[in-house]
Amino acid sequence: MPDASDEVDRIVDSWMRERPDLDFSPLQVLSRVARLSKHLDRARKTAFTRSDLDSWEFDVLSALRRAGAPYQLSPKALLQQTLVSSGTMTNRIDRLVERGLVERRTDPNDGRGILVHMTPQGLTRVDAAITRLVDAEAELLSSLSTSDQERLAGLLRRLSLGFD
């Protein structure tokens, strides 16, 4: 049974009719990725909002959570994981401290260094957010079998390696 048509098929068909001299196969893939990205952004925003977090707060807290107990990293390590500037990270840490989600501690291995430590409140928030996010993302992928999801993940991984 042929797959159902979607909006991208209709767009590409129209372009092919109007510009038969062009190869529209990239649009078949990347227009769908762009459209799916909008659904993913909405799902992520909902998951984070329900956990009283902004997406940037989730990024910092999730980096700390993935570090494992005692859930602390240097500001430099946080910079590397979140890909923001030093000034932006300082501002983010300040705001997270104000909200009681992280605290600054002196690095015991370097008295001049600082570690950003996640508080119990931060841990509760990030754990709730990641649970909601995984549930929402599973719902987005629910029309695909496990093997289709694995195949798609592999193809997207191969594609993204050229950019990372």
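Further up the page is the structure itself.
Notes on the structure in this doc start here. (Residues numbered from 1 in each chain as written. Predicted model: local features only at pLDDT ≥ 70, side-chain atom pairs only at ≥ 80, totals over all residues. Heavy atoms only, no water.)

### A few points about the pattern of salt bridges
Next up, step 1: Going through the model one piece at a time under the given rule, you end up with 14 salt bridges.
Next up, step 2: Between Glu-18 and Arg-17 there is a salt bridge; the shortest N-O distance is 3.2 Å. Across the pair, exposure class does not vary: Glu-18 and Arg-17 are exposed alike.
Next up, step 3: A salt bridge links Arg-65 to Asp-127, with the shortest nitrogen-to-oxygen separation between them at 2.7 Å. Here Arg-65 is found in helix α3 (residues 55–66), whereas its partner Asp-127 is found in helix α6 (residues 120–140), with 62 residues between them in sequence.
Next up, step 4: In this structure Asp-127 comes out as partly exposed when scored by relative accessible area, which is 26%.
Next up, step 5: Linked through salt bridges whose partners overlap, the residues forming this network are Asp-52, Glu-57, Arg-99 and Arg-125. (Salt bridge = Lys/Arg side-chain N within 4 Å of Asp/Glu carboxyl O. Buried < 20%, exposed > 50% of the residue type's maximum accessible area, 1.4 Å probe, protein only. Helix = DSSP H or I, 4+ residues; strand = E, 2+ residues; numbered from the N terminus.)

### What to know about the packing of aromatic side chains
Next up, step 1: Under the counting rule described, the total for this entry stands at two aromatic pairs.
Next up, step 2: Between the aromatic rings of Trp-15 and Phe-24, the centroid separation amounts to 6.1 Å while the plane-to-plane angle is 20°, which identifies the pairing as stacked.
Next up, step 3: On the basis of relative accessible area, Trp-15 is assigned to the partly exposed category, the value being 43%.
Next up, step 4: Between Phe-48 and Phe-58 the ring centres are 4.4 Å apart and the planes differ by 25°, which places this aromatic pair in the stacked class. Here Phe-48 is found in helix α2 (residues 25–50), whereas its partner Phe-58 is found in helix α3, with ten residues between them in sequence.
Next up, step 5: The buried category is assigned to Phe-58, whose relative accessible area is 7%. (Phe/Tyr/Trp six-rings, centres within 6.5 Å; stacked < 30°, edge-to-face > 60°.)

### Examining unusual backbone geometry
Next up, step 1: Backbone torsion omega between Ala-69 and Pro-70 reads 10°, so that peptide bond is classified as cis.
Next up, step 2: Positive phi, close to 60°, is recorded for Tyr-71, a residue that is not glycine.
Next up, step 3: Topologically, Tyr-71 is positioned in the loop between α3 and β1 (72–73).
Next up, step 4: Here the phi dihedral of Leu-83 falls at roughly 55°; this positive angle occurs in a residue that is not glycine.
Next up, step 5: Position of Leu-83 relative to the elements: it lies in the loop between α4 (75–82) and α5 (86–98).

### Section: the packing of helix α1 (residues 7–18) against α2
Next up, step 1: Interaxial distance between α1 and α2 falls to 10 Å at its minimum, and their mutual angle equals 140°. Between α1 and α2, the interaxial angle falls into the category oblique. With respect to the hand of their crossing, α1 and α2 are arranged in right-handed fashion. Residues Glu-7, Val-8, Asp-9, Ile-11, Val-12 and Trp-15 of α1 touch α2, and the partners they reach there are Leu-27, Gln-28, Ser-31, Arg-32 and Arg-35.
Next up, step 2: A breakdown of the residues in the contact of α1 with α2 according to their chemical character gives five nonpolar, two polar and four charged. (Axes fitted to C-alpha atoms, helices over the stretch in contact; angles between N-to-C directions. Parallel < 35°, antiparallel > 145°, perpendicular 65-115°, else oblique. Left-handed = near helix turned anticlockwise from the far one by under 90°. Contact = heavy atoms within 4.5 Å. Nonpolar A, V, L, I, M, F, W, Y, C, P; charged D, E, K, R; others polar.)

### Structural notes on the packing of α3 against α4
Next up, step 1: Here α3 crosses α4 at 115°, and the two axes come no closer than 10 Å. Relative to α4, the element α3 is oriented roughly perpendicular. The element α3 and its partner α4 pack so that their crossing is right-handed. Residue-level inspection shows Asp-59, Val-60, Ala-63, Leu-64 and Arg-66 of α3 in contact with α4, the latter providing Leu-78, Gln-81 and Thr-82.
Next up, step 2: Here the contact of α3 with α4 is composed, by residue class, of four nonpolar, two polar and two charged.

Keep in mind these numbers describe shape, not what the thing actually does.
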